[in-house]
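Breakdown of the fold
The chain contents come next:
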Amino acid sequence: MARNSAARTAFGPMLLSAIEQNEPAGRRLVDDDLAELFLPAPLRWLVSATAPAVFRRAFIAASERTGPGLWANLACRKRFIGDKLTEALGDIDAVVILGAGLDTRAYRLTRQIRKPVFEVDLPVNIARKARTVRKVLGELPLSVRLVALNFERDDLLTALAEHGYRTDYRVFFIWEGVTQYLTEQAVRTTLEGLRPTAPGSRIVFTYVRRDFIDGSNRYGSRTLYRSVRGRRQLWHFGLLPDEVAGFLEEYGWRLVEQMGPDELVERYVMPTGRRLPASQIEWSAYAEKM
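Residues numbered from 1 in each chain as written. Predicted model: local features only at pLDDT ≥ 70, side-chain atom pairs only at ≥ 80, totals over all residues. Heavy atoms only, no water.

Under an unreviewed UniProt entry, the name given to the chain is S-adenosyl-L-methionine-dependent methyltransferase, and the organism recorded is Mycobacterium gordonae. Note on the chain: under the UniProt heading Function (unreviewed entry), the record states "Exhibits S-adenosyl-L-methionine-dependent methyltransferase activity." Per UniProt, the chain carries the Sequence similarities (unreviewed entry) text "Belongs to the UPF0677 family." (UniProt positions renumbered as here; feature names shortened; annotations may be inferred.)

Here it is, written out as structure tokens:
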């Protein structure tokens, strides 16, 4: 895996979240008052430039030319994850964010709970996150632990344990926008490493369809395909929706809910009155440890 190329993708989802804050409250797909603050100065300028609706619409339309429907996918998956986490807060002891990037969820969570939150990512992203958090918040909250790890090489539970993680925790795992960047072996090794997780733990993750990865169906996103599977082999792993339940069961997880693009649009986009399609490429799944 091209580590630095994958690491750079941390900016995209946070830029989307920050730009969404320029939407009126009733039309906003994501609520994240820290997103803009976590971005570097040039991207903060871009967020400011999209404050007028006409420029915001133009920016979203331009982004859709690379991957039609991905704006709605990224925004709605964040809403889906947030909904599931909120539902589970009373039943869990800790949160682990796998591939945290610049995501602000851990820091917004500290306003609600005092449970440990572990942010796991590549060393380059963890170093950037530490600098960003100190710049924005002054110091790292005591409940948040930054864990540097390469999913392709390092043992997840060992790395977590070094930062105070316990296997008897009932954990809410978030694995957002990550699995496609890993090899199948790394995905399976991660799930195998989570086998000792306490029953009642939850996991919500996103995945890219395997028929897009192998090129048999590009879902109208040829430019995106060339970017992630052509010039650079950036994406590696995929699943098909009807395989997810069996795949998770191999590692002791029971599929509870799966959200495809049509369901995401119906649940989150349509109530806002916005007309944003979602891409068929990416799906979201929610499971519970048996």
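1. Re helix α2 (residues 11-20)
For an α-helix, 3.6 residues make a turn, and residues three or four places apart therefore share a direction. In terms of burial, α2 is largely enclosed, as eight of its 10 residues are buried. Every buried residue belonging to α2 is among P13, M14, L15, L16, S17, A18, I19 and E20, and all of these are buried. (Buried < 20%, exposed > 50% of the residue type's maximum accessible area, 1.4 Å probe, protein only. Helix = DSSP H or I, 4+ residues; strand = E, 2+ residues; numbered from the N terminus.)

2. Structural notes on the pairing of strand β1 (residues 94-98)
Counting buried positions over the five residues of β1 gives five, a clear majority of the element. Across the two faces of β1 the burial is the same, with A94, V96 and L98 and V95 and I97 all buried. Direction of pairing for β1 relative to strand β4 (residues 171-175): parallel, over a ladder of four bridges. What sits directly across from A94, in β4, is V171. As judged from the four bridges shared by β1 and strand β2 (residues 117-121), these two strands associate in the parallel manner. Of the residues in β2, the one forming a bridge with I97 is E119. (Pairing = 2+ DSSP bridges.)

3. Re the pattern of salt bridges
As enumerated under the stated definition, the model contains 25 salt bridges in all. With its nearest N and O atoms 3.2 Å apart, the salt bridge here joins R111 to D33. With R111 in the loop between α6 (105-109) and β2 and D33 in the loop between α2 and α3 (41-49), this pair connects stretches of sequence that are 78 residues apart. Residues participating in the shared-partner salt-bridge network are E20, E23, R27, R56, R57 and R274. (Salt bridge = Lys/Arg side-chain N within 4 Å of Asp/Glu carboxyl O.)

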